[in-house]
Amino acid sequence: MRRENPPPGKMPRGKSQRAKVTGSRSGEASGLTQLALRACLVASDAAFNIRDFLANASHIAFLAVRDCERELDRIEQQMDQQLPGAITQVSEPEARELLACLRFSNELERIGDLFWSVAQRAHNLPIRLPKPDSEQLIEMTSILEKMLHRVREGFIQRQLDPASYVLRADREIDQIYRASFRRHVASNQKKTPHRADVLLMAQALERAGDHATNLAEELFRLIEGRSLRHIPKKRVKD
């Protein structure tokens, strides 16, 4: 199991009383940004461990996905508790960043729930998944892990290229999901065991891709100051 847990840093306090207040608030805002970046790491860690669990039936990986889901819940709760006070004492650009952190924590918490639902469903199956099904699910989780890494990279570096990658990668996930659906439902093949479970797991991963896309759109909003959804499709960098 991989885990990176960098502790949020604190800004040094100034000499005057006013500097102390400003420094404290700036430190709190900085801590929330680090918290959002940590959530990206936790979510990508969950994707890594789902892939490990699907490929190797590792019980340690299964428990790691559960722990990631719980940690993402805690991060979202902490963000909800601390952000209202922090956002009232910062500049407009800092407030925009804090709002992005809030949206990040919300989307990543939902991604964590979806990953955990996939792990639970796979864990409850009485037999191992057939190779064609496990390979497709593993491919989807691999793409999702890369998407989450790129979102975090774009957040740190304030670059749009990672967001463009995420939008393209989401289409790959959609294609894999549709291929799985056609293979199980739209064909005339004999009904296979656990078909519904496979499709529900693929659907959960497809939805996780949609939430990762929301993160890419939020990254664009943070950098450009406007929503990607309000730009004509032909102008969106692809």
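The structure presented is a predicted model; accordingly, all values stated were derived computationally and were not measured.

## With respect to the overall build of the chain
Assigned secondary structure in the chain consists of 6 helices and 0 strands. Order of helices (α) and strands (β) in the chain, N terminus to C terminus: α-α-α-α-α-α. Buried residues in the chain amount to 47% of all 238 residues. Nonlocal contacts in the chain, meaning residues at least 24 apart in sequence, comprise 78% of its contacts between residues at least 6 apart. Summed over all atoms, the accessible surface of the chain reaches about 12600 Å², with 48% contributed by carbon and sulfur.

## Remarks on the pattern of salt bridges
A full pass over the atoms with the stated rule returns 12 salt bridges. Two residues, Glu145 and Arg51, come together in a salt bridge whose shortest N-O distance is 2.6 Å. Here Glu145, found in helix 4 (residues 131–157), pairs with Arg51, found in helix 1 (residues 17–56); they are 94 residues apart in sequence, far enough to count as distant. Residue classification places Glu145 among the buried residues on the basis of a relative accessible area of 8%. One network of salt bridges, in which partners are shared, links Arg103, Glu218 and Arg221.

## So, the nonpolar core
If you look at the biggest cluster of nonpolar residues, it comprises 67 residues, and the most contacted ones within it are Phe104, Leu108, Phe115, Leu137, Met140, Met147 and Phe155. When residues of this core are traced back to their parent elements, those giving at least two are helix 1, helix 2 (59–87), helix 3 (92–124), helix 4, helix 5 (161–186) and helix 6 (195–224).

## So, unusual backbone geometry
Phi is positive for Ala57, which is not a glycine, with a value near 55°. With respect to the helices, strands and loops of the structure, Ala57 is situated in the loop between helix 1 and helix 2. Residue class for Ala57 comes out partly exposed when judged on its relative accessible area of 38%. Positive phi, close to 55°, is recorded for Arg158, a residue that is not glycine. By relative accessible area, which is 33% here, Arg158 ends up partly exposed.

## Describing the packing of aromatic side chains
Going through the model one piece at a time under the given rule, you end up with 3 aromatic pairs. Ring geometry for Phe53 versus Phe62: centroids 5.4 Å apart, planes at 40°, classification tilted. Through successive ring pairs, a cluster of aromatic residues spans Phe53, Phe62 and Trp116. A cation over an aromatic ring shows up here: Arg150 above the ring of Tyr165, its NZ or CZ 4.9 Å from the ring centre.

## Focus on the environment of Leu215
You can see Leu215 is positioned in helix 6. Counting along the chain gives 107 residues from Leu215 to Leu108, while the straight-line C-alpha distance between them is 8.4 Å. Sequence-distant contacts of Leu215, that is, excluding residues within four places in its chain, are made with Phe104, Glu107, Leu108, Ile111, Leu148 and Val151.

## Quick notes on the side chain of Glu206
Secondary-structure assignment places Glu206 in helix 6. Not counting chain neighbours up to four residues away, the residues in contact with Glu206 comprise Met140, Ile173, Asp174 and Tyr177.

Conventions used here
- Residues numbered from 1 in each chain as written.
- Predicted model: local features only at pLDDT ≥ 70, side-chain atom pairs only at ≥ 80, totals over all residues.
- Heavy atoms only, no water.
- Helix = DSSP H or I, 4+ residues; strand = E, 2+ residues; numbered from the N terminus.
- Buried < 20%, exposed > 50% of the residue type's maximum accessible area, 1.4 Å probe, protein only.
- Contact = heavy atoms within 4.5 Å.
- Areas by Shrake-Rupley, 256 points an atom, 1.4 Å probe, with all protein chains shown as cover.
- Salt bridge = Lys/Arg side-chain N within 4 Å of Asp/Glu carboxyl O.
- Core = buried A, V, L, I, M, F, W, Y, C linked by side-chain atoms within 4.5 Å.
- Phe/Tyr/Trp six-rings, centres within 6.5 Å; stacked < 30°, edge-to-face > 60°.
- Lys NZ or Arg CZ within 6 Å of the ring centre and 35° of its normal.

Structural measurements only, silent on function.
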